[in-house]
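# Structure at a glance
Below are the chains, spelled out letter by letter.
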Amino acid sequence: MIDLRRLRDEPEYRKAIERKRVVSGLIDELLSADDERRGLEAQVEQLRARQNAASKEIGRVPKEERPAKIAAASELKDELTALTPDLERLESTVRALALQVPNPADPTVPDGGEDDGEVLRVVGETPQAPPHDHAEYGERMGWIDTARGAEASGSRFAYLAREAVMLELGLVQWVMSKLVADGFVPVVPPVLVRERTMEEAGFFPTDRNQVYSLPEDELFLVGTSEVPLSALHRGEILPAADLPARYAGFSTCFRREAGTYGKDTRGIFRVHQFDKVEMFAFVPPEDSDDEHLRILAMEESILTALGLPYRVVNIAAGDLGNAAAAKFDLEVWLPSEGRYRELTSASNYRDYSARRLGTRVRTDHGTELVHTLNGTACAVGRTLVFLFEHGQQPDGTFVVPEVLRAFVGFAEVPPR
RNA sequence: GGAGGGCUGACCGAGUGGCCGAAGGUGCUCGCCUGCUAAGCGAGUAGGGGGUUAUUAGCCUCCUCGAGGGUUCAAAUCCCUCGCCCUCCGCCA
């Protein structure tokens, strides 16, 4: 949720929002509805104050004087009940509109859309394409079965098998232990959440069509453990000493991938279900820039340890999600395609999600909203895609990255 | 599955229709006192929204006693729905 007061008072704030793609007229509509709301709210509160005072008086006054007073108070009540529906309607209008307004982009974020991200640095050598792309290699090695996945569940589902499973679990173990060593609290969160949780995490209403729902139970499958992790301190006022609070969530993630028909259809690059280790941090507002860089550094160290060449992109305003004020994408070289493809990202939500969640920190000068940040530690399935290509030798042997060997139990896999 | 009890401020805990945003205690903050040991005395100590003044303060006001709804001039207190916790019985492992 954006800060309505700042939207009203600070032209700069509004401009930073408009650097993103915003439905035209939305902000003006919101501002005028909010204006109307505050006017009516003042009126209603004044009336309620009078009614409260009248009611209190009844209790203090001798019994015989009560009936007349009660009658007077009744009239005030009637006036009040006449006005409240209007106020309620306005409030929900304001809320519905405000939920659609994205978090303003940081000044450091470049203008433009998808193609306007700023490449901050390029790390590592980009190799030639291997004999087989990940999909072909995966099928050949008996690691990926998309055909049977489709039988069971439809397109964009796959079975993962044999050594690939050990690689998957090894990746999770390795990344998790690395994060725990860095002070992250490991968490396996619920993957089914309430609508409210989706909304407060910043995903609803804007990304609703990307989310699987279970209408029967009014629950939704999370697309990332970021969602339940953000809810971890819902409605809490945290002592300053508890911050930063860093969590490493492991969960399966579910995405409808609506609007991606025909894109990335080979193998398991883009699927409806995958496992992921996610970093999530709650920090004091003044620390969120540092934390953002810290998360980015962790992601880079993971890619480096896996031997994957990558580049860091500062995502442009129009390409930022609804909730992010700034986002770095780490794009890894995909040899078969001869280009960098997104593997992980790190986002700073500032107080956008915290405002919806009501997560605050107690400071010397009162309470303030925390900032929340998240970043991918390891999107397991997609990481395998890159490993299958980068670890594939000319003769078809697969070489396991050094750091994973202790976790997967083997150093290489002979060709099949 | 059956029966019962509970959910109050940072924490413990009182409170069954008005004088309760809420006794008392603990903790914390400030001041005083005391040559000693987890001592004594006093004061203060929720969050959020709106307005106003105009700003690192104050003032007015509304909302919040698990959540949501209802009854009433008036609800922590009565009624309904939901969530969570606990105890006992049963059942399954």
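First, a word on scope: everything that follows refers to the structure included in this document.

Tallying secondary structure elements over chain A gives 13 helices and 18 strands in all. Seen through its principal axes, chain A has C-alpha atoms that stretch 100 × 45 × 45 Å. Of all 416 residues assigned to chain A, the portion counted as buried reaches 50%. Taking as baseline every contact in chain A between residues at least 6 positions apart, the subset at least 24 positions apart corresponds to 73%. Seen as two clouds, the 50 positive and the 69 negative side-chain charges of chain A have centres 3 Å apart.

Lining the immediate surroundings of RNA strand B are 23 residues, of which R38, E45, S55, I58 and T367 lie closest. Backbone atoms, meaning sugar and phosphate, make up 69% of the atoms of RNA strand B lying within 4 Å of the protein. For RNA strand B, a phosphate oxygen lies 2.9 Å from a polar atom in the side chain of R5. Side-chain polar atom of T367 to a phosphate oxygen of RNA strand B: 2.4 Å apart, as the coordinates give it. When contributions to the surface near RNA strand B are tallied by element, the ones reaching two or more residues are helix 1 (4-9), helix 3 (26-60), helix 4 (66-100) and strand 14 (360-363). In terms of residue count, the dominant contributor to the surface near RNA strand B is helix 3 (12 residues).

So, about helix 4. With 35 residues, helix 4 ought to run about 51 Å at 1.5 Å a step, and its terminal C-alpha atoms sit 50 Å apart, in line with that. Largest kink in helix 4: about 30°, centred on L83, with the proline P85 one to four residues after it. Of the residues making up helix 4, those classed as buried are A73, L76, L80, L83, T84, L87, L90, V94, L97, A98 and L99. Turning to helix 4, the residues buried within the fold contact helix 1, helix 3, helix 8 (195-200) and helix 11 (352-357).

Our next topic: the sheet that holds strand 16 (residues 371-379). Reading across from one edge, 1-11-12-13-16-10-9-4 is the order of the 8 strands in this open sheet, with mixed pairing throughout. Two strands close off the open sheet at either side, each with one partner strand: strand 1 (118-123) and strand 4 (185-187). Neighbour-to-neighbour, the strand axes of this sheet turn through a mean angle of 25°, independent of strand direction. In this sheet, strand 12 (residues 326-334) lies alongside strand 11 (residues 310-314) in antiparallel orientation, the contact comprising 5 bridges. Residue pairing for strand 12: V313 is matched across the bridge by D329. Contacts between helix 7 (residues 163-181) and the sheet are confined to strand 4, strand 9 (245-254), strand 10 (273-283) and strand 16, with strand 10 contributing the most and set at about 5° to the helix. Docked against the sheet, helix 12 (residues 380-390) engages strand 10, strand 12, strand 13 (339-350) and strand 16, running at close to 35° with respect to strand 12.

A word on the side chain of R246. Mapping R246 onto the fold places it in strand 9. In terms of polar contacts, R246 uses its side chain to reach the side chain of E291, at 2.7 Å. In this structure R246 touches G183, F184, V185, F280, A281, E291 and R294, once residues within four positions along its chain are discounted.

Strand order in the open sheet formed by 3 strands is 5-7-6, with antiparallel pairing between adjacent strands. If you trace the sheet from one side to the other, it starts and ends with strand 5 (192-193) and strand 6 (213-214), each paired once. Note: strand 5 against strand 7 (residues 219-221), 2 bridges, orientation antiparallel. When the bridges of strand 7 are listed, L192 appears paired with L221.

What follows covers unusual backbone geometry. Cis geometry marks the peptide bond from F204 to P205, where omega comes out at 0°. Inspection of the secondary structure puts P205 in the loop between helix 8 and strand 6. For the bond from L243 to P244, the omega torsion is 0°, close enough to zero to count as cis. Positioned with a positive phi, R156 is a non-glycine residue whose angle comes to about 65°. The buried category is assigned to R156, whose relative accessible area is 15%. For D264, which is not a glycine, the phi torsion comes out positive at approximately 50°. Take D264: it is sitting in the loop between strand 9 and strand 10. Owing to a relative accessible area of 16%, D264 belongs among the buried residues under this scheme.

Here we take up the pattern of salt bridges. For the structure on display, the rule yields 33 salt bridges. A salt bridge links R148 to D145, with the shortest nitrogen-to-oxygen separation between them at 2.7 Å. Given a relative accessible area of 57%, R148 falls into the exposed group. Across the pair R208 and E195 runs a salt bridge, and its minimum N-O distance is 2.7 Å. Of the two residues, R208 is situated in the loop between helix 8 and strand 6 and E195 in helix 8; the sequence distance between them amounts to 13 residues.

Rules of the game
Residues numbered from 1 in each chain as written. Chains lettered and ligands numbered in written order. Predicted model: local features only at pLDDT ≥ 70, side-chain atom pairs only at ≥ 80, totals over all residues. Heavy atoms only, no water. Helix = DSSP H or I, 4+ residues; strand = E, 2+ residues; numbered from the N terminus. Buried < 20%, exposed > 50% of the residue type's maximum accessible area, 1.4 Å probe, protein only. Contact = heavy atoms within 4.5 Å. Lys, Arg positive; Asp, Glu negative; His and termini not counted. Charge placed at Lys NZ, Arg CZ, Asp CG, Glu CD. Near = heavy atom within 4 Å. Polar contact = N/O pair within 3.5 Å; in protein donor to acceptor, adjacent residues only side chain to side chain. Expected span 1.5 Å × (residues − 1). Bend = angle between axes of the 7 residues up to and from the residue. Pairing = 2+ DSSP bridges. Axes fitted to C-alpha atoms, helices over the stretch in contact; angles between N-to-C directions. Salt bridge = Lys/Arg side-chain N within 4 Å of Asp/Glu carboxyl O.

Read these as spatial facts, not as claims about activity.
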